[in-house]
Amino acid sequence: MFLWLLGLVLSFCGQMVWLEFGCMIPRSGGEKVYLEAAYSRPKFLATIVFAVQAILLGFTASGCIVFASNIIVAADSQPTEWQERGIAIAVIVFVTLIHTFIPKVGVQLMNALGWIKVIILAFIVVTGWVVLGGGVKSIPDPHASFRDSFAGSSHSGNQYATALFKVLNSYSGWSNAAYVLNEVKRPVHTLKIAGPLGLGICGVLYTLANVSYFAAATPHEVAASGTTVASYFFGKVFGVTAKRVLSVFVALSALGNVLTITFAQSRVNQELAKEGVIPFPRFWASGWPVGSPSAGLLLHFIPSFIVIVAIPFGDAFNFIVDLEGYPSSVIAMFVVVGLFILRWRAPSANRPFKVWWPVAAVFAAGQGFLLVAPFLYPPGGKGDTSLPYWLYPIIGIAILIAGVFYWAIWWRLLPKIGRYSFHEKKVELKDGTIVTTFDRVKDQ
């Protein structure tokens, strides 16, 4: 419970930082735009490091896995691991096709499933109140988990960090609006109102939902239920039949999450392609055939598919969330430091919203903890997966370093060896998309 509250505080602090940037630079791209503004030199370094991280780790495999897990509960079956993977793959294929060929339907479905998620959370909260009031005979002592609630708590910074990554992943939608500001009417006004309101509603619902879970089950039972905690809650309160029925709605909620993240991430991929900093930019920036970022969706699909297929399925959700979370915290740290750099460099710039600096400092401190704690030795040397506890931060750092190497080779080394320089120009594709290209010009 404490971690959910801490995660909400950090998310609000982060959102305030993003609000200042988003109101000052109301363009699609999110962190990419903010990093470019703060770290303009060396040219393209910040853009390329973010691009490598966003493309390689911008997958939605975790939501697909949650969908598969809950559909299996609803079906009351015992599938093989590859059958579970097949369900998860079917989800990402379906979402990609929807957003590619009938994008308006994708947005409508995304909004409808978002409301289903809110309704489910509200239902869980109200049910939890009934449980706490003693209205469910199958749960004779709903207050048991709240007595001496800190007993047996972990003293490991590593475990707190991995748990906090899961919490922050649940709140992570607060930054999605920044990726699609070009498609938002009155972006500054909308961002200042809708952002905090949406995060506030989610924070209240998530916190109260967790109270409901602990009212119906012990902390050990909640932890063991993993990605099917809501289904487990329904089973404890209403019985097996209701558990199976309601698991379908939980799965639909997860599908809505996949639709939303895919919608936002594909547009980030398209914006990166328009900058010309990734190979074959004309292809990846294309909006063929119906104006949706179809190639950006494909670029999002590929790593999502690979992760679903490659990672041991029992470890998949935890490892994926941790792996996404660590480099995201590195990027977030650079963004918040960049905020202070821009305030020092351009103090008189127009800022329709200005975050109170201690709020930004709290966010930076939280990211600092998340960058250090994963390397601390956990109890027994075991993290939250069967894989080495240090693996996900090492892979995350390696991906960011790979971005630096790609920049150094593409922008510095190859031009020096080939004795050429880049000539930057804008090109219009057949679908009207404007793409930056870099022509090689031989040095005289």
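On a predicted model such as this, the values are computed, not experimentally measured, just so you know.

J.: Any chance you could explain the overall build of the protein here in plain terms?
T.: Of the regular secondary structure elements, the protein holds 16 helices and two strands. Taking 444 residues into account, the globule formula puts the C-alpha radius of gyration at 22 Å, and the protein, at 23 Å, falls close to it. Dimensions along the principal axes, computed over C-alpha positions, put the protein at roughly 85 × 45 × 45 Å. Only carbon and sulfur atoms are counted for the fraction: they give 68% of the accessible area of the protein, which is about 20,800 Å². Measuring between centres, the 32 positive side-chain charges of the protein sit 8 Å from its 21 negative side-chain charges.

J.: Quick question: what am I supposed to make of helix 13 (residues 294-310) here?
T.: Given 3.6 residues to a turn, an α-helix orients residues that are three or four positions apart in the same direction. The terminal C-alpha atoms of helix 13 lie 24 Å apart, and with 17 residues this matches the ideal 24 Å at 1.5 Å per residue to within 8%. All of the buried residues along helix 13 are S294, A295, G296, L297, L299, H300, F301, P303, S304, V307 and I308. Each element contacted by the buried residues of helix 13 is listed here: helix 3 (45-57), helix 4 (61-75), helix 5 (81-101), helix 11 (240-274), helix 12 (281-284) and helix 14 (313-345).

J.: Sorry if this is basic, but what is going on with the side chain of H300 here?
T.: Summarising the element assignment, H300 is placed in helix 13. A polar contact of 3.2 Å, which involves the side chain of H300, links it to the side chain of T60. Non-local contacts of H300, meaning those with residues more than four positions away in its chain, are made with G58, F59, T60, I92, T262, Q265 and N269.

J.: For this particular structure, what's the right way to read the packing of aromatic side chains?
T.: Two aromatic rings, taken as a pair, are described by how far apart their centres are and by the angle between their planes. With the rule as written, the count across this model stands at 28 aromatic pairs. Taking 5.9 Å as the distance between ring centres and 80 degrees as the angle between the ring planes, the aromatic pair formed by Y39 and F334 counts as edge-to-face. A residue pair is termed long-range when its members are at least 10 positions apart, and Y39 in the loop between helix 2 (31-38) and helix 3 and F334 in helix 14 qualify at 295 residues. Ring geometry for F165 and Y392: centres 6.0 Å apart, planes at 90 degrees, overall edge-to-face. Here Y392 lies in helix 16 (residues 391-418) and F165 lies in helix 7 (residues 157-171), a separation of 227 residues in the sequence. We note that F165, like Y392, is buried. In textbook terms, an aromatic cluster arises when at least three aromatic residues are bridged by ring pairs, as seen for F44, Y406, W410, W411, Y420, F422 and F438.

J.: Sorry if this is basic, but what is going on with the pairing of strand 1 (residues 420-428) here?
T.: Bridge count between strand 1 and strand 2 (residues 434-442): nine bridges; the pairing is antiparallel. Bridging from a neighbouring strand, E428 pairs with I434 of strand 2. Where strand 1 hands over to strand 2, the hairpin turn is made up of five residues, of which G432 adopts a positive phi near 95 degrees.

J.: Explain the environment of H300 to me, please; I cannot follow it from the model alone.
T.: Assessed through its relative accessible area of 1%, H300 is described here as buried. C-alpha separation for the pair H300 and L57, spaced 243 residues apart in sequence, amounts to 9.1 Å.

J.: Where do I start with the packing of helix 3 against helix 11 in this structure?
T.: Two quantities define a packed helix pair, namely the angle between the axes and the distance from one axis to the other. It is the contact of helix 3 with helix 11, at a shortest axis distance of 11 Å, that shows an interaxial angle of 145 degrees. Between helix 3 and helix 11 lies a crossing whose hand is left-handed. Where helix 3 approaches helix 11, its residues T47, F50, A51, A54 and I55 are matched on the opposing element by Q265, V268, N269 and L272. By residue class, the composition of the contact of helix 3 with helix 11 is six nonpolar, three polar and no charged.

J.: Explain the nonpolar core to me, please; I cannot follow it from the model alone.
T.: General note: in soluble globular proteins, nonpolar side chains tend to be found buried as a group. Counting residues in each nonpolar core, the largest one holds 128 residues, and the members touching the most others are V17, W18 and F21. By residue number, the principal contributor to this core is helix 14, which donates 13 residues.

J.: Is there a simple way to think about a nonpolar patch on the surface in this case?
T.: A surface patch of nonpolar side chains, about 580 Å² in accessible area, is lined by F280, F283, L298, I302, F305 and I306. For the nonpolar patch, the element with the most residues is helix 13, which contributes four residues. Here L298 lies in helix 13. Taking relative accessible area as the criterion, L298 reaches 35% and is therefore assigned partly exposed.

J.: Which parts of the structure should I look at to understand helix 15 (residues 357-372)?
T.: Taking 1.5 Å per residue as the helical rise, helix 15 with its 16 residues ought to reach 22 Å, and the 23 Å between its terminal C-alpha atoms agrees with that figure. Of all the residues in helix 15, the buried ones are A360, F363, A364, G366, Q367, L370 and L371. The arc enclosing the buried residues of helix 15, seen along the axis, measures out at 160 degrees, which places them on a common side. Among the exposed residues of helix 15, those pointing more than 90 degrees away from its buried face are A365 and V372. Buried-residue contacts for helix 15 involve helix 1 (2-24), helix 7 and helix 14.

Parameters and conventions
- Residues numbered from 1 in each chain as written.
- Predicted model: local features only at pLDDT ≥ 70, side-chain atom pairs only at ≥ 80, totals over all residues.
- Heavy atoms only, no water.
- Helix = DSSP H or I, 4+ residues; strand = E, 2+ residues; numbered from the N terminus.
- Rg over C-alpha atoms; globule rule 2.2 N^0.38 Å.
- Areas by Shrake-Rupley, 256 points an atom, 1.4 Å probe, with all protein chains shown as cover.
- Lys, Arg positive; Asp, Glu negative; His and termini not counted.
- Charge placed at Lys NZ, Arg CZ, Asp CG, Glu CD.
- Expected span 1.5 Å × (residues − 1).
- Buried < 20%, exposed > 50% of the residue type's maximum accessible area, 1.4 Å probe, protein only.
- Contact = heavy atoms within 4.5 Å.
- Polar contact = N/O pair within 3.5 Å; in protein donor to acceptor, adjacent residues only side chain to side chain.
- Phe/Tyr/Trp six-rings, centres within 6.5 Å; stacked < 30°, edge-to-face > 60°.
- Pairing = 2+ DSSP bridges.
- Axes fitted to C-alpha atoms, helices over the stretch in contact; angles between N-to-C directions.
- Left-handed = near helix turned anticlockwise from the far one by under 90°.
- Nonpolar A, V, L, I, M, F, W, Y, C, P; charged D, E, K, R; others polar.
- Core = buried A, V, L, I, M, F, W, Y, C linked by side-chain atoms within 4.5 Å.
- Patch = residues over 30% accessible without salt bridge, like charges linked within 9 Å, V, L, I, M, F, W, Y side chains within 5 Å.
- Salt bridge = Lys/Arg side-chain N within 4 Å of Asp/Glu carboxyl O.
- Arc of directions from axis to C-beta.

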